[in-house]
Amino acid sequence: MKKILITGGAGFIGSHVVRLFVNKYPEYEIFNLDKLTYAGNLENLSDIDKKSNYHFLKADIVEAEVIHRLFEEHRFDGVIHLAAESHVDRSITNPMEFIFTNVVGTVNLLNAARSIWKDNLNDKRFYHISTDEVYGSLGNSGSFKETTPYNPHSPYSAAKASSDHFVRAYHDTFQLPTVISNCSNNYGPNQFPEKLIPLFINNIKNNKPLPVYGQGINVRDWLYVEDHAHAIDTIYHNGQIGETYNIGGNNEWKNIDLIKQLIEILDNKLGRPAGTSLALITYVTDRAGHDLRYAIDASKLKNELHWEPTVKFTEGFEKTVDWYLNNEKWLKNVTSGSYQDYYKKMYGL
Ligand code: NAD
Ligand code: TYD
């Protein structure tokens, strides 16, 4: 029986990873450790939380002693580390929170793993989930490879870059069996409506302005969240210790084109005449330090571990819109309370 610690399992991507592991590996014990910040929501796991191989641990990765005690008590064999502050705009308003959770929190987990595993590193694995944003911004061509030098621009990506460096340093210095992946933008069910796609679905539904930063010309490479979860499963089990793997959707969209596509789908589903919601598009001041373009070269993962995305964008996008339209209660719950304050401060709209 393997014991696997998944951090940030109540968040967007983490909840899909926890679900996949709990269902696919009944022989593993899965421990979901989460602080339940504004972004963590146990409702995301209501379909699997009664399973006997699932356990929830409410804890803050910034608290070193608590983390050490949990490692001592449960003797995890592996760690899949997703817990993080994840929203670029919030990192511009409050960088320190990102340094505490993303850097200090990660090093606390590395220290706990190192200390508990020191006598026997066999079959142990510390898998750190990171982002393509650490590589910085691309011009109109090219893509990020695992060897692309780090060049982060936002406090979020700087904190993630720092955590990646610590993970590599613990492998090189202490032989901790680590692996890292850097993924492009995810979309799908359960994403907190501060990120582009769920925010705009919610606003279109409620006839609210759609705040497009700058000219809407920034490009992102979108991957369906379940594809990311499957990539994480592949890398956790088959990735080479000490290696980094890029994960991407091979699916680049200029923001404004993606938004128009979203409007087309939603106008149709909401029974509005085609193009009605185009009037909601509102160009607002650009995000500070806004990266122009991200694109991932995921050929290493394809060639070495045979992973490729399986969900076509049209299919994933439609599934995502349907999920938000069919899960009104979830959306209402997460957009009540402090979300309203955040929204007012952020957009003033
Ligand atoms: P999220 O914000 O939806 O979830 C983060 C989770 O971490 C939440 O459940 C939150 O409660 C928990 N958390 C935050 N601070 C914590 C702390 N101090 N202690 C314990 N738990 C804490 O994020 P996400 O979008 O699911 O991203 C998960 C990971 O994947 C992050 O590491 C992120 O950098 C990375 N990533 C995200 C994307 C994306 O498009 N969302 C793309 C690439 C990589
Ligand atoms: P986001 O979902 O925040 O992801 P990231 O910044 O990590 O890529 O944003 C995706 C793109 O959408 C990014 O170029 C910023 C843009 N954006 C807007 O134009 N308006 C918004 O209100 C938000 C949240 C994002």
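S.K.: So what's going on with the site of ligand 2? Residues and values would help.
M.R.: In the vicinity of ligand 2 there are 19 residues, among which Glu133, Arg220, Arg287, His290 and Tyr347 approach most closely. Residue arginine 220 places a side-chain N or O atom 2.7 Å away from an oxygen atom belonging to ligand 2. When isolated, ligand 2 has an accessible area of 520 Å², and the protein chains bury 97% of it. For the shell around ligand 2, the secondary structure elements donating two or more residues are α6 (196-205) and β8 (210-213). Of the residues assigned to the shell around ligand 2, the class counts are nine nonpolar, five polar and five charged.

S.K.: An account of the packing of helix α2 (residues 64-74) against helix α4 (residues 95-117) is needed here, citing residue identities and associated values.
M.R.: The geometry of α2 relative to α4 is characterised by a closest axis approach of 9 Å and an angle of 35° between their N-to-C directions. Our pair here, α2 against α4, has a crossing hand that is right-handed. Contact residues: Ala64, Ile67, His68, Phe71 and Glu72 in α2; Asn108, Leu109, Ala112, Ala113, Ser115 and Ile116 in α4. Considered class by class, the residues forming the contact of α2 with α4 number seven nonpolar, three polar and one charged.

S.K.: Could you give an account of the pattern of salt bridges, with specific residues and numbers?
M.R.: With the rule as written, the count across this model stands at 14 salt bridges. A salt bridge links aspartate 47 to arginine 19; the shortest N-O distance between them is 2.8 Å. One end of the pair, aspartate 47, is in the loop between β2 (28-34) and β3 (54-58); the other, arginine 19, is in helix α1 (residues 12-24), with 28 residues separating them in the sequence. A salt bridge links aspartate 49 to lysine 50; its shortest N-O distance comes to 3.3 Å. Note on aspartate 49: relative accessible area 30%, which makes it partly exposed. Note on lysine 50: relative accessible area 75%, which makes it exposed.

S.K.: Before we move on, could you go through the packing of helix α8 (residues 255-269) against helix α10 (residues 313-326) and cite the residues and values that matter?
M.R.: Interhelical geometry of α8 versus α10 gives an angle of 55° and a closest axis separation of 11 Å. For the element pair α8 / α10, the angle class is oblique. The way α8 lies across α10 gives a crossing that is right-handed. Mapping the contact onto sequence places Leu258, Gln261, Leu262, Ile265, Leu266 and Lys269 in α8 and Phe313, Phe317, Glu318, Val321, Asp322 and Leu325 in α10. Here the contact of α8 with α10 is built from residues that sort into eight nonpolar, one polar and three charged.

S.K.: Quick rundown of α2? Include the residues and the values.
M.R.: Residues Ile67, Leu70, Phe71 and His74 constitute the buried set of α2. All buried residues of α2 project into a common sector of 100° when viewed along the axis, lining one side. Exposed side chains of α2 directed beyond 90 degrees from the buried face belong to Glu65 and Glu73. In the core, the buried residues of α2 are packed alongside β1 (2-7), β2, β3, β4 (78-81) and α4. Two residues or fewer past α2, arginine 75 is found with a positive phi of approximately 50°.

S.K.: So, α8: which residues are in play, and what are the values?
M.R.: In an α-helix, one turn spans 3.6 residues; hence positions three or four apart end up facing the same way. The terminal C-alpha atoms of α8, which comprises 15 residues, lie 21 Å apart, in line with the 21 Å expected from a rise of 1.5 Å per residue. Buried residues along α8 sit against α6, β8, β9 (219-224), β11 (252-254), β12 (281-284) and α10.

S.K.: Any details on the site of ligand 1? Residues and values, ideally.
M.R.: The full set close to ligand 1 counts 28 residues, and Ile13, Asp34, Ser86, Tyr156 and Lys160 are the nearest of them. A distance of 2.7 Å is found between an oxygen atom of ligand 1 and a backbone nitrogen or oxygen belonging to isoleucine 13. Between ligand 1 and the protein, one listed contact pairs an oxygen atom with a backbone N or O atom of leucine 36 at 3.5 Å. Bound to the protein, ligand 1 loses 97% of the 840 Å² it would expose on its own. The set of elements that each furnish at least two residues to the shell around ligand 1 consists of α1, β5 (125-131), α5 (155-174) and β7 (185-187). Ranked by residues supplied to the shell around ligand 1, first place goes to β5 with three residues. Considering only residue class, the shell around ligand 1 consists of 13 nonpolar, eleven polar and four charged.

S.K.: Describe the packing of aromatic side chains, with residues and values.
M.R.: All chains considered together, the criterion is met by 24 aromatic pairs. Relative to phenylalanine 192, the ring of tyrosine 38 lies with its centre 5.0 Å away and its plane at 80°, an arrangement referred to as edge-to-face. Placement of the pair is tyrosine 38 in the loop between β2 and β3 and phenylalanine 192 in the loop between β7 and α6, with a sequence separation of 154 residues. According to the relative accessible area criterion, phenylalanine 192 is buried, its value standing at 9%. Ring geometry for tryptophan 323 versus tryptophan 330: centroids 5.0 Å apart, planes at 75°, classification edge-to-face. With respect to burial, tryptophan 323 and tryptophan 330 carry one shared label: buried. By the ring-pair criterion, three or more aromatic residues cluster together here, those being Tyr38, Phe192, Tyr213, Tyr339, Tyr342, Tyr343 and Tyr347.

S.K.: Account for the pairing of β9, with residues named and values stated.
M.R.: Counting buried positions along β9 yields six of six residues, so the element is predominantly enclosed. Because side chains alternate across β9, one face comprises the buried residues Val219, Asp221 and Leu223, and the other comprises Arg220, Trp222 and Tyr224, equally buried. In this structure, β9 lies alongside β11, joined through three bridges in antiparallel fashion. Following the sheet pairing, aspartate 221 is matched in β11 by glutamate 252.

About the criteria used
- Residues numbered from 1 in each chain as written.
- Chains lettered and ligands numbered in written order.
- Predicted model: local features only at pLDDT ≥ 70, side-chain atom pairs only at ≥ 80, totals over all residues.
- Heavy atoms only, no water.
- Near = heavy atom within 4 Å.
- Polar contact = N/O pair within 3.5 Å; in protein donor to acceptor, adjacent residues only side chain to side chain.
- Areas by Shrake-Rupley, 256 points an atom, 1.4 Å probe, with all protein chains shown as cover.
- Helix = DSSP H or I, 4+ residues; strand = E, 2+ residues; numbered from the N terminus.
- Nonpolar A, V, L, I, M, F, W, Y, C, P; charged D, E, K, R; others polar.
- Axes fitted to C-alpha atoms, helices over the stretch in contact; angles between N-to-C directions.
- Left-handed = near helix turned anticlockwise from the far one by under 90°.
- Contact = heavy atoms within 4.5 Å.
- Salt bridge = Lys/Arg side-chain N within 4 Å of Asp/Glu carboxyl O.
- Buried < 20%, exposed > 50% of the residue type's maximum accessible area, 1.4 Å probe, protein only.
- Parallel < 35°, antiparallel > 145°, perpendicular 65-115°, else oblique.
- Arc of directions from axis to C-beta.
- Expected span 1.5 Å × (residues − 1).
- Phe/Tyr/Trp six-rings, centres within 6.5 Å; stacked < 30°, edge-to-face > 60°.
- Pairing = 2+ DSSP bridges.

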